[in-house]
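# Tertiary structure, described
Residues per chain are reported as follows:
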Amino acid sequence: MSTEVLDRPVAPAKVDPPSPVEIIKKASRGLRGTLVESLNDPLTGAIRDSDTQLIKFHGSYQQDDRDIRAEREHQKLEPAYSFMIRTRTPGGVASPQQWLALSALARKYGSGTLRLTTRQAFQLHGVIKKDLQATMQGMQAALIDSIAACGDVNRNVMASANPVESRLHEEVHQWAVKVSEHLLPKTRAYHEIWLNGEKLAGPAEEEPILGQLYLPRKFKTGIVVPPHNDVDVYSQDLGFIAIVDKEGIEEGKLLGFNLTVGGGLGATHGEPQTFPRLADLIGFLAPEQMLKVAETVVMIQRDFGDRTDRKHARLKYTIADRGIDWFKAELAKRLGYELEPARAYTFTTQGDRFGWLRGHDGRWHLTLRIESGRVGDTPGKPFLTGLEKIAAIHQGDFRLTANQNLIIANVSANECMNIDRLVADHGLGKALFTTPLRRDALACVSLPTCSLAMAEAERYLPSFTDRVDELLTKHGLGNLPLTLRITGCPNGCARPYLAEIALIGRAPGRYTLRLGADAVGSRLNVVYRDNIDEPSIVTALDELIGRYAAERHTDERFGDFLWRANVLRQETRA
Amino acid sequence: MSGAVILQGNFPIPEDRRDQLQQLATELNREQLMWLSGYFAGAAAAAPSSIPGFQANLLGGQARAQIASAAAPASAAFAPAAAAAAPLPTLTIISASHTGNGRKISEKLLAAVQALGMQARMIKAGDYQPREIAKEKLLYVVISTHGDGDPPDEARGLYEFLGTKRAPQLPELQYSVLSLGDTSYPKFCEAGRVIDERLAKLGAKRLLPRVDCDVDFERLAQSWADDALARAREFKEKHSPVGSVATGVAQTAAPVAATPELTRANPATAEVLANQRIVGRAALREVRHVELAFPGLGTLYKAGDALGIVHRNPEPAIDAVLKATKLDPAATVTHEGKTHTLLEWLRDERELTRIARPLLIQVAAQAKVDISELLANAPAMAKLTASCQVSDVLGSYPAEWTPAALVSALRPVTGRVYSIASSPAAVGDEAHLTVAVVGSDSDRKLLAGAASHFVVNTPVDSKVQVWIERNERFRVPADSSRDMIMVGPGTGIAPFRGFVQEREANGATGRNWLFFGGRSLYHDFLYQLEWQQALKRKSVHRVDVAFSRDQAEKIYVQHRIRQAGKDLFDWLSNGASFYVCGDASAMAPDVHAALLDVVREQGNMDADDAQSWVADLTADGRYLRDVY
């Protein structure tokens, strides 16, 4: 691409008309739309169609129980509408008071379940329309909001959970908070609509960073602390890799961050112009440069992202279409300087470190496995109650990990026993004593809740994991670590494209089988078989795991073996 | 119309209009035709004539003046007032009942009286102008009692009028009351008793003692009718006939309908097209939507009518009675000319759920137990009738029964009817019902609800026996440009679904406003999708909902009525009709009180004026209720 092209100020890639959501955003008066009118309509549990787009920017999705959709129609009733509310909790850190507040709200207004997400947020499900304001106000009372947790904005900023380097964790967490706040929309619509704030009389507020149309599509940011790539930094639109002084006199000091741009996992079945993409590593920056760089990356995407086609609107497509060199040049032009070259780093794992770990400052951290991030009270699993009891005595904080797990962090040595007893009493530790496969597996919510779902995911994960564990046992690989992720659609909520084995829903009972990611989040898997049912999946895996058991090198991961053995080749469709 | 008049001999009506008139004449009953004669006379007096001298030739000068002054207010009230100008016949029979039993008795009596050559008319209480009573000489009232001793809705205007200070003294009037009721209710035949006493208090002379009938009314009612006929003959012999309106006119103008009327004894067979639950999973009470059809059904009913289903008693209830009496279900019993096996009697012909006082007395007598103390204890009786069924009573008072004695002691099964939730204008030969499954919100699954349980267990494609109960009083506004306000919480929504279908199909221009109530938006909003779509199509213009359990405080339709007071009063002042359907014991009085409050507040009236305003609304036929 020539420099003349680069010099054009704002050059939309296409002249097609803007997508319908762009029109809704434009008319929304700072994301207000007709949400108040929708909330006040007593004849329906739903909100108006245009408001279903806008409410996402306020951290909520309208959903309905898809299991009973047909039944309700037969009953001449509208679908059983309810809402999901997702918190903005940068780095997934919550105080015990905040935990208790969210837990109480889930009991009072939600489905009695707190869900820990793959982006370190809490989700409340099943909140009905008339309770939305009370729920948001309850969150606000605990100093939690859901602003920009969904929608075409910078969403919840992730940060490595890092239960060992306590001081570094705190520092990185603070940067996550700062980036999140810096990139927030400036509209007061959230306060007006949900918190009974004063009504704006004039035109909508200025949005100097996001613009009046906000971003073309969702935008995801994460900060990772090597060697643990728990946040899957290459899957983020905007990624920061913490670079820490390893040898110098200031050992452990945060020197700055490597910058990655243009990652993203969503795709659409049968549309090859959509694809998952790993981010490009483009340089190094000092901590004090971070907010300006983040803002500038967002503004480039704001100005160049495709607003005509939402399936082509993420930063990854802007970069794929224009080239990474164009992007670096544009960034340098806007910053007024070029970034330093990226510094060296290594990733060794994507997973969490389970159990008790002692931090550098002598305090203790317990990482619990929470299957599918679901904290509820079910027979034999009184997790909601158990964690409420823990929160009631806990002096430290809670951290949600990017793998939907939970760290009870900053426990003093003499409190460990008390926490342990509550963990044991409520069965919270049981999921740690299982195979590594099951312990690290991820699934998205999918049916019956998610409107995008094409096949089961969370509800299917346990039985499918059994199938794979059976194969591993059969081939003498009983306790082998292996990453397995299942999603109900190709949008990638559980980051399936970065798993050694991934199932991506196509239709009820049918999946695309993808194989061959590495185990550190730096190589995407590829399609191995498309649109197949469970027996075919099991047959395919049986053969491959059998070969792996016979032919693998020492410590060679399954995903790496498949490439070396030429089971997967580059020409395989991505 | 004046420009299009073509004189055809003595029939100065254009041909297409003539067809319409003849069509109309065949569809209306005698009272309606008589009323129309006054209506047209009033309208003629008010309209300019295109033919000089025509008007004067048609009507005598005096009658014209009377009609013109009555028509002057130019409101919906003018037409009945004009109709009242016609001289009254000698005998008036007022029929006031929900189920149609009263009407049938009245019609039979009317025919017998007319056979004597006597001037007589039968009028439904809803069509009767209370003030006309001052002019009556001989009056028979056939009236049923509902709910907590209430009169049927159509009679409420007359019933209340007679109790007010405005009621005239009636020294010239001779009368008798036939009262229909159900001994399973505490205030048995209360409405008949009250109207009888009110007439007596106003100075009218009781020609025959009042007769109170239970659900097996036929024999007692016949003996009252025989006596009433004899007294009418005596009356005729004493008085020379007065008045000039010949009943013969109406008789020739209203030919007997081609299709014989369906009754419980003469039902039609309908196919079940749909039978589906229409409340959500967490609803505390099951409600079902049922669609029935047979060729020609659409010509037999109008929106507002009710449909009865011939049901069979549930097997557990039959078994319980057989167990308590140790009788052989195969035993043959002949009773009142009919012969069936005991099983058939119990399954098809006898009431096994509701308990009536006479049954209790008979069962106790058979068992030789003295229950006079229980009978005198009203609260205990109320509790008993509300919580026990027939088999419980039989079990509590064990006795030696013969099959014949049992059949005789048990009451005949009563017809269960449901307001029709459709309009033939929209659904053709189908009729839709909205059936609440009685007992589904309590532990007493078997109690009552024999008919609704029968409906629940009637699968699609099966056949059921049905009949129609006409409800002429409860119709969409005759003037389709008038607005309509409908209050129908719970299954009270049913007729209004039919009303809205009818108005939409007929292109009515009046607005439709619905008040609905239930327990929760998510589970109990009956026909939610249809109302949402109707609002979008503008076939419904406003829907106010009250869901009692969706917030800490209980909110019902009457609260929404009060909240909407200003608009409601505007609509009513603008000529809207106000309809109420559903529960008679709590909802209807609460809605009535709310309506009075709205009228008082919005009309700046005192309580008495508001009462009169609402009474006028009733008298205008714009406050109509179908409550049970």
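See the structure above.
Read on for a plain summary of the structure. (Residues numbered from 1 in each chain as written. Chains lettered and ligands numbered in written order. Predicted model: local features only at pLDDT ≥ 70, side-chain atom pairs only at ≥ 80, totals over all residues. Heavy atoms only, no water.)

## Quick word on the environment of methionine 118 of chain B
All names here are of chain B. Looking at the element boundaries, methionine 118 is found in the loop between helix 6 (101-115) and strand 2 (120-124). For methionine 118, a relative accessible area of 4% gives the class buried. C-alpha of methionine 118 to C-alpha of isoleucine 94: the two residues are 24 residues apart in sequence and 16 Å apart in space. Contact partners of methionine 118, with chain neighbours within four places excluded, come to Thr90, Leu91, Val113, Leu138, Ala232, Phe235 and Lys236. (Helix = DSSP H or I, 4+ residues; strand = E, 2+ residues; numbered from the N terminus. Buried < 20%, exposed > 50% of the residue type's maximum accessible area, 1.4 Å probe, protein only. Contact = heavy atoms within 4.5 Å.)

## Notes on the pairing of strand 16 (residues 397-400) of chain A
Residue and element names in this part refer to chain A. Residues Asp397 and Arg399 point to one face of strand 16 and Phe398 and Leu400 to the other, with burial holding for every one of them. One ladder, built from 2 bridges, connects strand 3 (residues 93-94) with strand 16; its direction is antiparallel. For alanine 94, the partnering residue across the bridge sits in strand 16 and is phenylalanine 398. Alignment of strand 16 against strand 17 (residues 406-411), held across 4 bridges, turns out to be antiparallel. Within the sheet, the bridge partner assigned to leucine 400 lies in strand 17 and is leucine 406. Counting the residues that bridge the hairpin from strand 16 to strand 17 gives 5 residues, and of these glutamine 404 lies at a positive phi of roughly 65°. (Pairing = 2+ DSSP bridges.)

## Side note on the nonpolar core
All names here are of chain A. Counting residues in hydrophobic clusters, the biggest one holds 95 residues, and the most contacted among them are Trp99, Leu259, Phe327 and Ile408. When neighbours within four sequence positions are excluded, phenylalanine 327 is seen to be in contact with Val261, Ile282, Val297, Ile300, Leu315 and Ile319. Of all hydrophobic cores here, the second largest spans 40 residues; its members include Leu471, Leu477, Ile532 and Tyr548. (Core = buried A, V, L, I, M, F, W, Y, C linked by side-chain atoms within 4.5 Å.)

## Some points on the packing of helix 13 (residues 383-393) of chain A against helix 14 (residues 416-425) of chain A
All names here are of chain A. At a minimum axis distance of 9 Å, the contact between helix 13 and helix 14 shows a crossing angle of 165°. When the axis of helix 13 is compared with that of helix 14, the two are roughly antiparallel. Both helix 13 and helix 14 take part in a crossing whose hand is right-handed. Residue-level inspection shows Lys389, Ile390 and Ile393 of helix 13 in contact with helix 14, the latter providing Asn418, Ile419, Leu422 and Val423. Considered class by class, the residues forming the contact of helix 13 with helix 14 number 5 nonpolar, 1 polar and 1 charged. (Axes fitted to C-alpha atoms, helices over the stretch in contact; angles between N-to-C directions. Parallel < 35°, antiparallel > 145°, perpendicular 65-115°, else oblique. Left-handed = near helix turned anticlockwise from the far one by under 90°. Nonpolar A, V, L, I, M, F, W, Y, C, P; charged D, E, K, R; others polar.)

## Some details on the sheet that holds strand 2 (residues 81-86) of chain A
Residue and element names in this part refer to chain A. Strand order in the open sheet formed by 5 strands is 1-2-5-4-13, with antiparallel pairing between adjacent strands. Two strands in the sheet have a free side with no partner beyond their single neighbour: strand 1 (60-64) and strand 13 (374-375). Bridge count between strand 4 (residues 114-116) and strand 13: 2 bridges; the pairing is antiparallel. For arginine 115, the partnering residue across the bridge sits in strand 13 and is arginine 374.

## Considerations on the pairing of strand 12 (residues 364-368) of chain A
Residues and elements named next belong to chain A. For strand 12, a buried count of 4 out of 5 residues is recorded, marking the element as mostly surrounded by other parts of the structure. Counting the residues that bridge the hairpin from strand 11 (residues 355-358) to strand 12 gives 5 residues, and of these glycine 362 lies at a positive phi of roughly 90°. By the bridge criterion, 4 bridges tie strand 12 to strand 17 in an arrangement that is antiparallel. Bridge assignment links threonine 367 to a residue of strand 17, and that residue is isoleucine 407.

## Some points on the interface of chain A and chain B
Interfaces are often described in size by the accessible area the parts lose on coming together. At the interface, 17 residues of chain A touch 22 residues of chain B. Where chain A meets chain B, there are 2 salt bridges. Between arginine 281 of chain B and glutamate 71 of chain A there is a salt bridge, with the nearest N and O atoms lying 2.7 Å from each other. Top contributing element to the side of chain A that touches chain B by residue count: helix 5 (residues 69-74) of chain A, with 4 residues. Taken together, the residues that form the side of chain A that touches chain B break down as 6 nonpolar, 4 polar and 7 charged. (Salt bridge = Lys/Arg side-chain N within 4 Å of Asp/Glu carboxyl O.)

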